[in-house]
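Structural features, examined
In case you want the letters, here they are:
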Amino acid sequence: RFESFMQRLDGIASLAKRYAARAGVAVLALAVGGLWWHYAFRLGKYKYNAVHPYTSFVPLTVFLVLRNLFPPIRQRYMWLFAFLGKVTLETYIFQFHIWMKTTGVNGSPRTLMVWIPGWHYVNMVLTTAVYVFLSFRMFHITDSLKNAMIPEALASTAKRLGAASVLGAACYGASFAFVGP
C-alpha cells in the first residue's frame, strides 16, 4: 500500500502539485513525530518503558515516510548498515554467547567479555571483531545448510522431509533398544 501511495505521488504530472503533495505528507509526518516526542519520548524512564511497546513504531514510520518522500534519498543507503543487516539473527543470538559475560541473576549477561584484564577498550575491540566475524561465519554456515536442506524445488523438499522423518523415527525406535521404554 505504501509503495503504491509513493508511486501515485511520483506520478503526479505537475511538478508544483507533486512537491505540494510531498510537502503535505512531510508536514503530517513531522507533526506525528512531534506529538510522539512530546507525549511519549519525553516521559520518565519507567513511564516511557511502559508505553514503548505501543509507540515504538511511530518514529520508525515517520523516518520511513520522510526518507521515501524523495527519490534521490530513497536510492541511497549506508553500506555498513546493509552489510551488517545480513547477520542480524546471528548477532542477536551471539551477543549473549560471545560478546557478553554471564554474571547476572539466572545466568543473564551483564558485562562485556574480558580477555585482557584492565584494558576495557582493547577488550571491546577484540570481542567485537570476534563477534562480527563469527556472526558472518554462522550466517554462511546457516545459508549453506538452508540450501542443502531446503532446495528450491518443492518435490525435492518433500523427499528430504520424508527422509528426515524416516531417519528420525528410526533413531527414536533405536533409542528403545539402548535405553528401554
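Going by the structure above, here's the rest.
Before going into details, it helps to say that this report is about the structure given with it.

Reading guide: rules and limits
- Residues numbered from 1 in each chain as written.
- Predicted model: local features only at pLDDT ≥ 70, side-chain atom pairs only at ≥ 80, totals over all residues.
- Heavy atoms only, no water.
- Salt bridge = Lys/Arg side-chain N within 4 Å of Asp/Glu carboxyl O.
- Helix = DSSP H or I, 4+ residues; strand = E, 2+ residues; numbered from the N terminus.
- Buried < 20%, exposed > 50% of the residue type's maximum accessible area, 1.4 Å probe, protein only.
- Core = buried A, V, L, I, M, F, W, Y, C linked by side-chain atoms within 4.5 Å.
- Contact = heavy atoms within 4.5 Å.
- Axes fitted to C-alpha atoms, helices over the stretch in contact; angles between N-to-C directions.
- Parallel < 35°, antiparallel > 145°, perpendicular 65-115°, else oblique.
- Left-handed = near helix turned anticlockwise from the far one by under 90°.
- Nonpolar A, V, L, I, M, F, W, Y, C, P; charged D, E, K, R; others polar.
- Patch = residues over 30% accessible without salt bridge, like charges linked within 9 Å, V, L, I, M, F, W, Y side chains within 5 Å.
- Areas by Shrake-Rupley, 256 points an atom, 1.4 Å probe, with all protein chains shown as cover.

Moving on to the pattern of salt bridges. Throughout the structure, instances matching the rule amount to three salt bridges. For the salt bridge of R22 with D10, the shortest nitrogen-to-oxygen distance reads 2.5 Å. Of this pair, R22 sits in helix α2 (residues 15–41) while D10 sits in helix α1 (residues 2–10), placing them twelve residues apart in sequence. D10 gets classed as partly exposed once you look at its relative accessible area, which sits at 26%. Note that D143 is salt-bridged to K146, the shortest N-O span being 3.5 Å.

Bringing the nonpolar core into the picture now. Among the nonpolar cores identified, the biggest contains twelve residues, and these are M6, L9, V25, A26, A29, W36, A40, Y48, V58, V62, V65 and L69. When residues of this core are traced back to their parent elements, those giving at least two are α1, α2 and α4 (57–68). Among the elements that make up this core, the one with the highest residue count is α2 (five residues). Residues in contact with V25, not counting those within four places in the same chain, are F5, L9, V65 and L69.

Running from N to C, helix α7 (residues 88–99) and helix α8 (residues 120–149) point in directions that differ by 135°, and their axes come no closer than 9 Å. On the basis of the axis angle, α7 is oblique to α8. Pair α7 / α8 crosses with right-handed handedness. Residues E90, T91, Y92, F94, Q95, I98 and W99 of α7 form the contact with α8, whose own contacting residues are M124, T127, T128, V130, Y131, L134, S135, M138, F139 and T142. Of the residues assigned to the contact of α7 with α8, the class counts are ten nonpolar, six polar and one charged.

What follows is about a nonpolar patch on the surface. Among the surface-exposed residues, Y77, M78, W79, L80, F81, F83 and L84 lie close enough to one another that they form a single nonpolar patch of about 800 Å² accessible area. Mapped onto the secondary structure, M78 falls in the loop between α5 (71–74) and α6 (79–85).

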